Amino acid sequence: MNSKVNKIMAVVLALSFVTVAQARIKLVALPERAATIIRLDNPQATLIEEERVLTLQQGLNKVDFSWNGVSIDADSIRLQPLDHPMDVNLISVSYPPNEAALVWDIACKGDYVEKVRISYLLSNIDRLITYKAVADKGETKVDLKSYIILRNFSGEDFDKARIMLDYGEAFEQGIDHEETKQLLFLKAPEVPITKVWTFDSAKLPWNPEDLENRNVGIPVSYRIKNETDSGLGEHALWGGKARIYQDDGHESTIILGEDNAILAPVGEKMELYIGDSRDIVVTQKQLRNDQINPIRRTTGNREIIMYDTSEEIEAVIENFKDSPAELTMIQHIEGEWDMERCTLDDKRLTLNEGFKKKDANTIEFEITLPARTDDGPAKQTLTMIFHRRHVRVRNNPQPTLRNVRR
């Protein structure tokens, strides 16, 4: 086997015959790998686990391990006896100067042909995750496949190894230095999807009139839920590049777009962006921004240094599609705040019963829009009335609510 790493050489030294000159003797014969596992669970490091068989004799044995030309983290190297763990003991490890090597001192209570496991962190061998999603013509489900692209620039050849992620099927593959392989490891047919539009008030203009009535495209995505009802839900879905296609109804497919999918833990959702749509229009305005409850704490009690606000924002949503649509609205309120009243048309919305907090300054609405009618687009109005607390006056005042009307 032509291997640059793991040059393991065992020599049996009877304790009564050990001398300084014999302190490090290397044998020519190399024990073959019995098994190798490449673990890719952590994107930041690759763990290699391999099994070797060493011939050990009673007394002190010195085993030399060197890795010239291979990017191994020397502090990560571990050795574990497997057959006789109580009778075979690693006493010490030494690192010869100016060498990519170490020497294990192993004490044995008897003569053994011992299977050992050697593990270490190896640099420059990594993986990329990619996805291929093919939607049906009605955009209700996708056939989802995930591939791993394994790249080996570590300096080491692996004739045969068991490659493992934290999910998906493990597979047996060999991979040489400077080789790249693509392997299918996840296949999920007919995964249900929801087509969603996303209006983020921090990214999109509020009022189309400010853009001379030009319609603004709203990002559209396919939403996949990582749950058992979708044929998934056993493991997290790693982030990676996704290509999204659609059946064109003529035994062929068209490409809808590419996206960089983010990690989707079990129970969470993955959204795959497919483009912008002008079928939905959002016109958002700030109707009121009043200062209330001023606090004066300067000399002479003349200057206001802090105040609360009473603010009102209105968003009119129009659906020009002939079918219902799902809209995600993301709103941002900076600082300390509380919602006085929030309504969608005549329906009152509350936290977790109409909207949810993504973080301290971000709230998210999931709104189902009815289809347009013969009279025109379906229209709904979202109104938020809220207070921000303890807003400080600045020497150079800046907008205190992210993305006020543009």
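Residues numbered from 1 in each chain as written. Predicted model: local features only at pLDDT ≥ 70, side-chain atom pairs only at ≥ 80, totals over all residues. Heavy atoms only, no water.

Participant: Where do I start with the overall build of the chain in this structure?
Facilitator: Tallying secondary structure elements over the chain gives zero helices and 27 strands in all. In the chain, which comprises 406 residues, the share counted as buried stands at 44%. When contacts within the chain are restricted to residue pairs at least 6 apart in sequence, those whose partners lie at least 24 apart make up 70%. Roughly 21800 Å² of accessible area belongs to the chain as shown, and the carbon and sulfur atoms make up 46% of that amount. (Helix = DSSP H or I, 4+ residues; strand = E, 2+ residues; numbered from the N terminus. Buried < 20%, exposed > 50% of the residue type's maximum accessible area, 1.4 Å probe, protein only. Contact = heavy atoms within 4.5 Å. Areas by Shrake-Rupley, 256 points an atom, 1.4 Å probe, with all protein chains shown as cover.)

Participant: Sorry, what's going on with unusual backbone geometry here?
Facilitator: With the exception of glycine, the majority of residues adopt a negative phi angle, and the majority of peptide bonds are in the trans configuration. The phi dihedral of asparagine 98 falls on the positive side, at around 60°, and the residue is not glycine. One can find asparagine 98 in the loop between strand E6 (88-94) and strand E7 (101-108).

Participant: Help me understand the pairing of strand E25 (residues 354-359) in this model?
Facilitator: The two faces of the sheet receive side chains in turn, since in a regular strand these alternate between them. For strand E24 (residues 350-351) and E25, the ladder comprises two bridges, and the chain directions are parallel. Following the sheet pairing, threonine 350 is matched in E25 by glycine 354. Note: E25 against strand E26 (residues 362-369), four bridges, orientation antiparallel. Looking at E26, one finds that lysine 357 is bridged to isoleucine 363. Counted along the chain from E25 to the antiparallel partner E26, the turn is two residues long. (Pairing = 2+ DSSP bridges.)

Participant: It is not clear to me how the packing of aromatic side chains should be interpreted in this structure. Could you clarify?
Facilitator: Two aromatic rings, taken as a pair, are described by how far apart their centres are and by the angle between their planes. Applying the stated rule across the entire model yields four aromatic pairs. Aromatic pair phenylalanine 355 and phenylalanine 365: ring centres 5.4 Å apart, planes at 45°, arrangement tilted. Pair noted here: phenylalanine 355 is in strand E25 and phenylalanine 365 is in strand E26, with a separation of 10 residues, a long-range link. Take phenylalanine 355 and phenylalanine 365: they sit in the same class, and that class is buried. (Phe/Tyr/Trp six-rings, centres within 6.5 Å; stacked < 30°, edge-to-face > 60°.)

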